[in-house]
Amino acid sequence: MTGERGAGSPRHEAESAKRRRERWAIGAVAFLVAGLTLLEAYLAAVGGSVAFSSNIVIFALINLNVILVVLLIFLVTRNVFKILLDRRRKILGAKIRSRLVLIFICFSLIPTILLFIAATNITTTSIKSWIGGRVGQALSGALEIARKQLETEAAAMSPLAEEAADRLASAPAAKDPADALRFDRSPTREDAVLLLVRRGAIAARDGTIPPAVENEILFRLKGIAGDGAGKGHSTLIGEEYAASWRPAGEGDRVVAVKPIPPAESARIRDIARAYDEYHQVRLLDDPIRASYVGILILITLLIVFAASWMGIYLARQITVPVQMLAEGTEKVAGGNLDVSLDYTSDDEFGTLVASFNRMTADLKAMKRNLEEANVSLSGTYEELRRRTQFIETILDNISTGVVVIDRHGRVSMINKVAGRLLGIPTDRALGELYRDVVREEHYEAIRGLYREAGETGGGQVERQVELVLGGKKVALRVSLTALRDDAGEYLGLVAAFDDLSQAMRLQRVLAWREVARRIAHDIRNPLTPIQLSAERMRRKYAAAHEGDPVFEECTQAILSEVTTLKLLVDEFTRFARMPAPVFSEGDLAGEARQLVETYRDAHPGIRWEFVAGEMPPVWFDPHQIRRAITNLLENATAALSAGGRVEVACSFERDSGLARVTVSDDGPGISAEDRDRIFEPYFSRREGGTGLGLAIVSAIASDHGGVVRMRDNRPRGAVFELEFPVRPQGKE
């Protein structure tokens, strides 16, 4: 596995070596315990001839086995506690490992305990039946029968011993005792052996017996006090002989011995040994049962801990790949796709790990492809963003208001001009239904166009509408175009708004210029003859009509009206023949300041204020701009006949590149019904006004590529703004 759990890492190698040592230790201890247990069972089964010594060996082996079992318990319990500690530390795989070990222990413990109980009962019952009274009675009976048979044989030797004793008593002293023992016997006594015992040793004999039998007879005769005759103790029996003895005078004893055949002797010896062992076993009844129970306990513990260790081993075999998969999955979830599990096996876990490695490799390849696609998409997105920004910049800088409405009637895009023309806050209009954004007084007009555009086959409608904005009517040319995809599916609507007020104003100005030119042309020609004729009449007929006030008043009126008409014609001429502006770079604020100072001196009853911000050099026609500002100041002066305040401000709007001259007064202001006409020629509410001043200002502003606007001053009065670019086209 990658990282510190990798196959080649020192930690992994140390842990693997430690596990190998533990497996070897547990296997060796389990093997020793099993071997010693089998040895104990074997000794318990075959230790008949060496019963006592074998029991001691069994006890020693049990103790050794107990020590080994304790060691095995320590090794297995250590692994169990390690699993519990890993579970408490919430190490991956510890839970499933502990569950598997618990399941193994339970499945092994329950049948093992049942088997232990059954085996203990069977063993205890068998031992009791083996050591029970019937076996003892049978052995005692067999031993009694053998003893009685030997007593019978010994009693049968009594006549022979008595006859030999009588012969020795009657024999002369000089005769050899051995000769006295040789006499004719009955055929049933020919195999008997006669011994003469004198002072504890064999003095004479007739026949031979094994030395061991001879020594045993001498030993037993020494223990018999007196001669023993007539007291029922003249017989001697052993495993290999049956004998009877009689005193032969002077402390001598004659013994008639019948050797027992070897086969019969072996049977008697076996019966005697079995009887002795039976009594020994009766004495060791409880220790033997304890030893068998101990062996069963050892076997049970061996099975339980072997099962536990096997559970731990199998759980580790199962949980190690699971733990590796869990850790690898966690790393993959954390974004590390360089994970590759180092686990090889031909089982299902090996297949699962191989699949995991393929999955991580595929994810890594997919991530690389996604990153490449993301880079490509980022470039495309950046290109689209630039294009969108470019389009938005265009839309924000064009004079046409544009609103895009999606198929659900929600505003998806709106530029600043459209917001200004329709009085809609653009920052809050996006995503909203157009009927919730558009003003209530405009809704019906726009809704009608919206329906017409949707119902029109061509999907395009262009109309001129008049909307009331800011208290005045504004003429707008509205163009609605339905958007459809290649399949003809309706996508939305694009609405374009053009403010026709300025264009209409310019058209009216041009029209009035033509009218003024014709009026000036048609009126100027007859004025001079009229004036000359009036003057001639005064010169020729003045004397004749001296004292006639009517003649004087009429001729004077004719001359005065001619003069007025000439002035009017001159104004019309100047208005009709506005010269093309001659641009030069200059100080706009300086020009305005000079005019303000001039009017301050001429009209001391008015409070004149001049404010100028930081302004760059401005390209303008000084003559025309001075004339336009003069007209504005003249109107302000006329409005403040009773005194007041006039403020002239020059400013520069860096974002739009516009220079602005603002003339505000606190006079009576402009009525709402006159606002649409104040820039029209020959419209004036002022007595004696020609109505051409603001028209000339509008024409000058238009010739400079700008506009002139009027708005209310707060709290009272009017504000006129003359706005035009600081650099006209071609002057960059």
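Only a predicted model underlies this, so the values are computations on that prediction, with no experimental measurement involved.

The next point concerns the overall build of the protein chain. For the protein chain, the count of helices and strands is 19 helices and 17 strands. In the protein chain, the proportion of contacts linking residues at least 24 apart, taken out of those at least 6 apart, comes to 60%.

Counted at 1.5 Å a residue, the expected span for helix H15 (residues 501-541) with its 41 residues is 60 Å, and the 56 Å between its end C-alpha atoms agrees. Of all bends in H15, the biggest is about 25°, found at Arg524, and the proline Pro526 comes one to four residues later. Every buried residue belonging to H15 is among Ser501, Arg505, Val509, Arg513, Ala516, Ala520, Leu527, Gln531 and Ala534, and all of these are buried.

The full count for this structure, using the stated rule, is two aromatic pairs. Pairing Tyr599 with Trp608 gives two aromatic rings, centres 5.9 Å apart and planes at 50°, and the pair type is tilted. In this structure Trp608 comes out as buried when scored by relative accessible area, which is 6%. Ring plane angle 80° and centroid distance 6.4 Å describe the contact between Phe679 and Phe720, whose orientation is recorded as edge-to-face. You can see Phe679 sitting in the loop between strand S15 (658-665) and helix H19 (693-703) and its partner Phe720 sitting in strand S17 (residues 718-725), a full 41 residues away along the chain. Side by side, Phe679 and Phe720 carry an identical accessibility label, which is buried. We note Arg253 situated over the ring of Trp245; from NZ or CZ to the ring centre the distance is 4.8 Å.

Within the largest apolar cluster, 47 residues are counted, with the highest numbers of intra-cluster contacts made by Leu588, Val618, Ile625, Leu633, Val646, Phe720 and Leu722. Beyond its immediate chain neighbours, meaning those up to four positions away, Leu633 contacts Leu595, Val596, Tyr599, Trp608, Val646, Val648 and Val663. The next biggest cluster of nonpolar side chains, apart from the first, holds 30 residues, and it includes Ala429, Tyr450, Val478 and Ala482.

One open sheet holds the five strands; their spatial order is S12-S14-S15-S17-S16, and the pairing between them is mixed. At either margin of the open sheet sits one strand with a lone partner, and together these are strand S12 (606-612) and strand S16 (707-712). On average, each strand axis in the sheet is tilted by 15° relative to the strand beside it, whichever way the strands run. Pairing of S16 with S17, which is carried by six bridges, proceeds in the antiparallel orientation. Residue pairing across strands places Val708 opposite Leu722, the latter belonging to S17. Packed onto the sheet, helix H17 (residues 588-602) meets S12, strand S14 (644-653), S15 and S17 and runs at close to 170° relative to S12. In this fold helix H18 (residues 622-639) packs onto S12, S14, S15 and S17, with an angle of close to 20° to the strand it touches most, S15.

An ideal rise of 1.5 Å per residue puts 32 Å on 22 residues; helix H8 (residues 262-283) measures up with 31 Å between its terminal C-alpha atoms. Within the span of H8, buried status applies to Glu264, Ser265, Ile268, Ala272, Tyr278 and Val281.

A surface patch of positive charge is lined by Lys18, Arg20, Arg21, Arg23 and Lys82. Ranked by the residues each element gives to the positive patch, the list is headed by helix H1 (residues 10-46), at four residues. Residue placement: Lys82 occurs in helix H2 (residues 51-88).

The element strand S6 (residues 400-406) is largely enclosed, with a buried count of six among its seven residues. The sheet contact formed by S6 and strand S10 (residues 490-499) spans seven bridges and is antiparallel. Bridge pairing in S10 links Ile405 to Leu493. Judged from the three bridges that link them, S6 and strand S7 (residues 411-414) form a sheet pairing that is antiparallel.

Time to look at the sheet that holds strand S2 (residues 201-206). Here five strands make up an open sheet; going across it, the order is S2-S1-S5-S4-S3 and the pairing antiparallel. The open sheet has two edge strands with one neighbour each: S2 and strand S3 (235-237). Geometrically, the sheet is characterised by an average inter-axis angle of 25° between neighbouring strands, direction not taken into account. Both strand S1 (residues 193-198) and S2 contribute to a ladder of five bridges, which runs antiparallel. In the strand pairing of S2, Leu195 is matched with Arg205.

Working note: non-glycine residues mostly have negative phi, and peptide bonds are mostly trans. Note that the residue after Arg714, namely Pro715, is joined by a cis bond; omega there is 10°. Here Pro715 shows up in the loop between S16 and S17.

Attention now moves to the pattern of salt bridges. Counted under the stated rule, the structure contains 26 salt bridges. Among the salt bridges present, the one from Arg147 reaches Glu144, with a minimum N-O distance of 3.2 Å. Linking Arg147 with Glu144, this pair stays in helix H4 (residues 133-156), spanning three residues, or about one helical turn. The partly exposed category is assigned to Arg147, whose relative accessible area is 36%.

Looking at the protein chain as a whole, its pLDDT mean stands at 79, while 90% of the residues score no less than 70. Counted against residues more than four places away or in other chains, residues 1-8, with its pLDDT under 50, gives 25 contacts. Between residues 228-232, whose pLDDT stays under 50, and residues either more than four places distant or in other chains, the model counts four contacts.

This part is about the packing of H18 against H19. For the pair H18 and H19, the least separation of the axes is 9 Å and the interaxial angle reads 145°. Of the two possible hands of crossing, H18 and H19 adopt the one that is left-handed. Contacts between H18 and H19 involve Gln624, Ile625, Arg627, Ala628, Asn631, Leu632 and Asn635 from the first element and Gly693, Leu694, Ile696, Val697, Ile700 and Asp703 from the second. In terms of residue class, the contact of H18 with H19 is made up of seven nonpolar, four polar and two charged.

Once that is clear, we can look at the packing of H15 against H19. Packing of H15 against H19 leaves a shortest axis separation of 11 Å and a crossing angle of 115°. Both H15 and H19 take part in a crossing whose hand is left-handed. For the pair H15 and H19, the contacting residues are Arg505, Leu506, Val509 and Arg513 in the first and Ser698, Ala699, Ser702 and Asp703 in the second. Classifying every residue of the contact of H15 with H19 gives three nonpolar, two polar and three charged.

Calculation criteria
Residues numbered from 1 in each chain as written. Predicted model: local features only at pLDDT ≥ 70, side-chain atom pairs only at ≥ 80, totals over all residues. Heavy atoms only, no water. Helix = DSSP H or I, 4+ residues; strand = E, 2+ residues; numbered from the N terminus. Contact = heavy atoms within 4.5 Å. Expected span 1.5 Å × (residues − 1). Bend = angle between axes of the 7 residues up to and from the residue. Buried < 20%, exposed > 50% of the residue type's maximum accessible area, 1.4 Å probe, protein only. Phe/Tyr/Trp six-rings, centres within 6.5 Å; stacked < 30°, edge-to-face > 60°. Lys NZ or Arg CZ within 6 Å of the ring centre and 35° of its normal. Core = buried A, V, L, I, M, F, W, Y, C linked by side-chain atoms within 4.5 Å. Pairing = 2+ DSSP bridges. Axes fitted to C-alpha atoms, helices over the stretch in contact; angles between N-to-C directions. Patch = residues over 30% accessible without salt bridge, like charges linked within 9 Å, V, L, I, M, F, W, Y side chains within 5 Å. Areas by Shrake-Rupley, 256 points an atom, 1.4 Å probe, with all protein chains shown as cover. Salt bridge = Lys/Arg side-chain N within 4 Å of Asp/Glu carboxyl O. Lys, Arg positive; Asp, Glu negative; His and termini not counted. Charge placed at Lys NZ, Arg CZ, Asp CG, Glu CD. pLDDT = per-residue confidence, 0-100. Left-handed = near helix turned anticlockwise from the far one by under 90°. Nonpolar A, V, L, I, M, F, W, Y, C, P; charged D, E, K, R; others polar.

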